[in-house]
Amino acid sequence: MKRHRYSPEQWASWLVEQRGSGKSIALFCQKKGVSENSFYCWRRKLDEGSEQGGPSNPFVALSVVGGEQVQIDMPCGATIRVPSDESLIRQVLSILVELGGQP
């Protein structure tokens, strides 16, 4: 069996996905084709990062809504919709990153 190496970003994404899926970790890992042991190891690594001041998942969901807007789903539950204009999206993301570092 070939072993795959997944990025920390991929694991962070899967951790969020599993939490919101309603599936058990065992079933989720089976569906993704990854070991439960790896899942728990990555969860611990990423959670330890959050205890040291970093976010456990620094990523938010981004989706294109009808080709006209980009939707950003924030961890706090807020949703931001921005017209599909690259410079405007960059400005909004820059502001969010800047504000993310403030208490």
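Predicted model, so just to flag it, every value in this text is computed and none were measured.

Draft legend 1. Representation of the overall build of the protein chain within the structure. Scanning the protein chain from N- to C-terminus turns up four helices and three strands. What you see in the protein chain, going N to C, is helices and strands ordered as α-α-α-β-β-β-α. Once local pairs closer than 6 in sequence are excluded, the contacts in the protein chain between residues at least 24 apart make up 24%.

Draft legend 2. Summary view of the environment of Ala78. Of note, Ala78 is situated in the loop between β2 (69-73) and β3 (79-83). Residue classification places Ala78 among the partly exposed positions, given a relative accessible area of 34%. Ignoring sequence-local partners within four residues, the contact set of Ala78 consists of Ile72 and Asp73.

Draft legend 3. Seen up close, the confidence of the model for the protein chain. This prediction gives the protein chain a mean pLDDT of 78; 75% of its residues lie at or above 70. Looking across the protein chain, the model is least confident in strand β1 (residues 61-65), with a mean pLDDT of 66, and most confident in helix α2 (residues 25-32), with 92.

Draft legend 4. Layout of the side chain of Gln71. Structurally, the position occupied by Gln71 is in strand β2. Here the side chain of Gln71 touches Arg81 through a polar contact of 3.2 Å, side chain to side chain.

Draft legend 5. How the structure looks around the packing of aromatic side chains. A full pass over the atoms with the stated rule returns six aromatic pairs. Taken together, a centroid distance of 6.2 Å and an interplanar angle of 85° make the contact between Tyr6 and Trp11 edge-to-face. On the basis of relative accessibility, which here comes to 3%, the residue Trp11 falls in the buried class. Between Trp11 and Trp14, the aromatic rings sit 5.1 Å apart at their centres with planes inclined by 90°, giving edge-to-face as the arrangement.

Draft legend 6. Quick peek at the packing of helix α1 (residues 8-21) against α2. Between α1 and α2, whose axes approach to 10 Å, the crossing angle comes to 125°. Classified by the interaxial angle, the pair formed by α1 and α2 is oblique. Between α1 and α2 the crossing geometry is right-handed. For the pair α1 and α2, the contacting residues are Trp14, Glu17, Gln18 and Ser21 in the first and Ile25, Phe28 and Lys32 in the second. Of the residues assigned to the contact of α1 with α2, the class counts are three nonpolar, two polar and two charged.

Draft legend 7. Broad picture of α1. Over its 14 residues, α1 runs 20 Å from end to end, which matches the ideal 20 Å to within 8%, given 1.5 Å per residue. Listed as buried for α1 are Trp11, Ala12, Trp14, Leu15 and Gln18. Taken around the axis of α1, the buried residues stretch over an arc of 160°, which confines them to a single face. Just downstream of α1, Gly22 is the residue with a positive phi angle, here 80°.

Definitions and limits used
- Residues numbered from 1 in each chain as written.
- Predicted model: local features only at pLDDT ≥ 70, side-chain atom pairs only at ≥ 80, totals over all residues.
- Heavy atoms only, no water.
- Helix = DSSP H or I, 4+ residues; strand = E, 2+ residues; numbered from the N terminus.
- Contact = heavy atoms within 4.5 Å.
- Buried < 20%, exposed > 50% of the residue type's maximum accessible area, 1.4 Å probe, protein only.
- pLDDT = per-residue confidence, 0-100.
- Polar contact = N/O pair within 3.5 Å; in protein donor to acceptor, adjacent residues only side chain to side chain.
- Phe/Tyr/Trp six-rings, centres within 6.5 Å; stacked < 30°, edge-to-face > 60°.
- Axes fitted to C-alpha atoms, helices over the stretch in contact; angles between N-to-C directions.
- Parallel < 35°, antiparallel > 145°, perpendicular 65-115°, else oblique.
- Left-handed = near helix turned anticlockwise from the far one by under 90°.
- Nonpolar A, V, L, I, M, F, W, Y, C, P; charged D, E, K, R; others polar.
- Expected span 1.5 Å × (residues − 1).
- Arc of directions from axis to C-beta.

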